[in-house]
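# Fold and contact review
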Amino acid sequence: MTTTTSTPEAILDAVGGADNIVHLTHCATRLRFELHDASVIDKATVEAIPGVLGAVPQSGDRYQIVIGGAVQGVYTEIMNLPAMKSAGAMSDADVKAAARSKARGKNAIIDAFFEYLSDSFRPLLPVLLGASLIIAFEAMLDALGIVDFRDDAAKGATWVFVDSMWRSVFYFLPIMVAYNAAKKLNIDPWVGTAVMAALMTPNFMSLSSKAYTETASGSGMFTQALKFSDQVTCTTNHTLGTESCVAHIFGLPMQLNDYGGQVFVPLIMVAVLAPLYKGLQKIIPVNLQMVFVPFLSFVVMMPVTAFLLGPIGVWAGSAIGAGLAWLNNSAPIVFAIVIPLLYPFLVPLGLHWPLNALMLINIDTLGYDFIQGPMGTWNFACFGATAGVLVLAIRDKDRVMRQTASGALAAGLLGGISEPSLYGIHLRFKRVYPRMLIGCAVGGLIVGIGGGLKASTFVFTSLLTIPVFSPMFLYVVGITAAFLTAMVLIIITDYRTKEERAAAMAAAAGGAVEAPAEDTAADLALEAGAAGVAEALKPGAVTEIASPLVGDVVALADVPDPVFSTGAVGDGAGVTPSGEIVVTAPAAGTVVVAPASGHAYGINLDNGVELLIHVGIDTVNLEGKGFDVKVKQGDRVTAGQELVRVDRAVVEEAGYSLTTPVLVTNTAKFASVELVASGGIERGAALLRITAQD
């Protein structure tokens, strides 16, 4: 009979279980693992899991599994799996991040730098995507002449309010980046947030309030007296259209800037704050740290940021933007070709985030960005290659690739997300990249010949955000050429080698593939299950689950742990063991969870029930002391087979409850899970009754 393993469980099993995970995070489309040992992963097994678009081994013991737009949900489900919870600190991403440096190679400093940049921006991807669609909607209305979004007075209060929906994201971006950066460097993220927010308060902004009068000082220079006229002066160069304000704080000059939209400033600030914060933690007594570590961090970092780091960050961002602008203006064709040819190699490595940061800086300093236009030709060349793959998949009746390509194409054209295409298809077939790069070059050449493009704001390049680019006609021609070039080349020359195509055609025709000799019993059981429905899942079926140990029955609501008692993990019951504690398998199945601590066992029963037996409450803290484990992950077990023997004295001496929750973790697949026993119960006696849905 088959087992019923969900996608999150299958992924966790494929990467070697919770105990093999050092760190797990995600981006827009990928689960990003850092493992103790990545050699245990079989790439083909991972890519065969339903919902997985592709698997990408990386340097060291890093591993990426591409999910697509559903990655947030899959990540959450993995983190909520009993195996992750029972792994204790291993399920806590913040704690695990501290161990990431152990897997770095000889380029640890470079790795750390790019991880710092990526992890400071990556969590903001959803809000940036959401804001970009609002911007695209406004750009479309502006392009059609319905609303003039460049004139606040003309568009009225309603559209000014709509503007605020996306401006909130981009204006307060420095505060969000500061939070993520501080979290990345393992300090209190709210301290980093507060330091950055200090430079964006109405009080700080009022220092450069425009309640002033101008007086000419020759050569187009004007000195302006503000309401803090004895402390703040601004100099405007009308010839260059620039303005600089200086406030005298405690008698010291401080350059004033509008930090809205800045990203370099929080990155620099947090990099300085982190060693200060950790140093204060070392010298301040533990019982005083809650007050004095934040206090002293504020006292030091707020002035340092306002007087020194803030102006440096603004200057650095402006200088880099100006340098790229010079290249764009001096050699637009070179610039427009290099950018789209660069991106296909930056994205897989996660190195594209610095360029995204520069786009934001350009918009803040120049009022527009010139990188996104050429970058859009790479995206559409990528989507065009995917479209070519989809055409061939439909022609060849390749159902799996058709599903992969159609999902990736929809994510790209509507959301501007390239990762599903990149990881689900392009990096798996070596013939795709050369054809896609030709599309990138063609699109970039057209943009360069046309004189370049400007984007009025930061967006993800999709069909929905076309109105943001100017001139729009040039952008449409460029991305269309990139898309069609890549698509046609893929269709004409195929994306597969002869061997890959033959294998795909055989699979589409229903050809059988001989199972490898090393297949385990669990693998064979899973394959055999494809022919039918597990017994417990058949409509109307009633299945009884035996007690795994001797003891007294406890209603689930009375189990002394809210994670279990609320049913968050699944319905079931508890058993408080009596006498010698021997825990056995209630029925035949496969062990999918068996941590070294020995305190929890996940078993996928052959009848389709997925069971968790959690021996005691918080016993993971014993780290295996007192637990004589008899099985390991992947083992086949029979009814009554021993899983673990527990030394009662060790657990009781440590003060932990021995009440053992027995839970059906795939409860949602059944009509009901009922407790049928009460009082004392013997091992093997009926504990739960499970009724399948009709």
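Residues numbered from 1 in each chain as written. Predicted model: local features only at pLDDT ≥ 70, side-chain atom pairs only at ≥ 80, totals over all residues. Heavy atoms only, no water.

## Observations regarding the confidence of the model for the protein chain
Selection criterion: pLDDT measures the predictor's confidence residue by residue and takes values from 0 up to 100. Should any heavy atoms of two residues lie within 4.5 Å, those residues are considered in contact.
Scored by pLDDT, the protein chain comes out at a mean of 79, with 80% of its residues at no less than 70. Taken as a whole, residues 88–107 scores under 50 in pLDDT and shows 43 contacts with residues more than four places along the chain or in a different chain. Considering only residues more than four positions removed or in separate chains, one finds that residues 510–531, a stretch of pLDDT under 50, has 13 contacts.

## Details of helix H3 (residues 71–79)
Short version of the rule: Only protein chains enter the accessibility calculation, which uses a 1.4 Å probe; a residue whose area is less than 20% of its type maximum is buried, one above 50% is exposed, and one in between is partly exposed. We count a stretch as a helix when DSSP gives it H or I for four or more residues in a row; a strand needs E for two or more, and each element gets its number in order from the N terminus. The directions from the helix axis to the C-beta atoms are what the arc is built from.
Buried residues of H3: Val-71, Val-74, Tyr-75, Ile-78 and Met-79, and no others. Each buried residue of H3 lies within a common arc of 135 degrees when the element is viewed along its axis, so the set occupies one face.

## Observations concerning the sheet that holds strand E1 (residues 21–26)
Spelled out, the test is: Note on pairing: two strands pair once DSSP finds at least 2 bridges between them. The axes are straight lines fitted to the C-alpha atoms, using for helices just the contacting stretch, and the angles between their N-to-C directions are given from 0 to 180°.
Spatially, E1-E2-E4-E3 is the arrangement adopted by the four strands of the open sheet, whose pairing is antiparallel. If you trace the sheet from one side to the other, it starts and ends with E1 and strand E3 (54–57), each paired once. Neighbour-to-neighbour, the strand axes of this sheet turn through a mean angle of 20 degrees, independent of strand direction. Bridge count for E3 against strand E4 (residues 62–66) is four bridges, and the pairing is antiparallel.

## What about the sheet that holds strand E25 (residues 686–692)?
Pairing is antiparallel in the open sheet, where three strands are placed in the order E12-E25-E23. The open sheet terminates on both sides in strands that have one partner only, identified here as strand E12 (542–546) and strand E23 (670–675). Here the average twist between neighbouring strands, direction ignored, is 20 degrees. In the sheet, E12 pairs with E25 via five bridges, with the strands oriented antiparallel. Note on E25: the bridge partner recorded for Glu-544 is Arg-689.

## Notes on the pairing of strand E17 (residues 600–605)
Burial within E17 is extensive, with six of its six residues counted as buried. A two-sided burial pattern is seen for E17, the buried positions comprising Ala-600, Gly-602 and Asn-604 on one face and Tyr-601, Ile-603 and Leu-605 on the other. Two elements, strand E16 (residues 589–593) and E17, share four bridges in a ladder whose sense is antiparallel. Among the inter-strand pairings, Val-591 is bridged to a residue of E17, identified as Ile-603. In this antiparallel pair of consecutive strands, E16 and E17, the connection spans six residues, and Gly-598 shows a positive phi of 75 degrees. The pairing of E17 with strand E18 (residues 610–614) spans five bridges and is antiparallel. Looking at the pairing, Ile-603 lines up with Leu-611 of E18. Between E17 and E18, which pair antiparallel one after the other, the connecting turn spans four residues, and Gly-608 there sits at a positive phi close to 105 degrees.

## Let's talk about the environment of Pro-57
By the element assignment, Pro-57 lies in strand E3. Note on Pro-57: relative accessible area 45%, which makes it partly exposed. Separated by 14 residues in sequence, Pro-57 and Lys-43 place their C-alpha atoms 8.2 Å apart. Beyond its immediate stretch of four places on either side in the chain, Pro-57 contacts Lys-43, Arg-62 and Tyr-63.

## Quick notes on unusual backbone geometry
What you tend to see is this: most non-glycine residues have negative phi, and most peptide bonds are trans. Along the chain, Ser-470 connects to Pro-471 via a cis peptide bond; the corresponding omega equals -5 degrees. Among the secondary structure elements, Pro-471 is positioned in the loop between strand E11 (469–470) and helix H20 (472–493). Phi is positive for Asn-186, which is not a glycine, with a value near 65 degrees. Within the secondary structure layout, Asn-186 lies in the loop between helix H9 (173–184) and helix H10 (189–198). Residues other than glycine seldom take positive phi values, yet Asp-494 does so here, at roughly 70 degrees. Topologically, Asp-494 is positioned in the loop between H20 and helix H21 (498–508).

## Observations concerning the packing of H10 against helix H12 (residues 264–283)
Note the cut-off: Angle categories are assigned with fixed cut-offs, so that under 35 degrees is roughly parallel, over 145 is roughly antiparallel, 65 to 115 is roughly perpendicular, and the rest are oblique. In this scheme the crossing of two helices becomes right-handed for a clockwise turn of the near helix relative to the far one and left-handed for an anticlockwise turn of less than a right angle. Residue polarity is assigned by list, with Asp, Glu, Lys and Arg as charged and Ala, Val, Leu, Ile, Met, Phe, Trp, Tyr, Cys and Pro as nonpolar; anything else, Gly included, falls into the polar class.
Packing of H10 against H12 brings their axes to within 10 Å, and their N-to-C directions diverge by 130 degrees. When the axis of H10 is compared with that of H12, the two are oblique. Judged by the twist between their axes, the crossing of H10 over H12 is right-handed. Between H10, through Val-191, Gly-192, Val-195 and Met-196, and H12, the contact on the second element is made entirely by Val-265, Pro-266, Met-269, Leu-273 and Tyr-277. Broken down by class, the residue content of the contact of H10 with H12 amounts to eight nonpolar, one polar and no charged.

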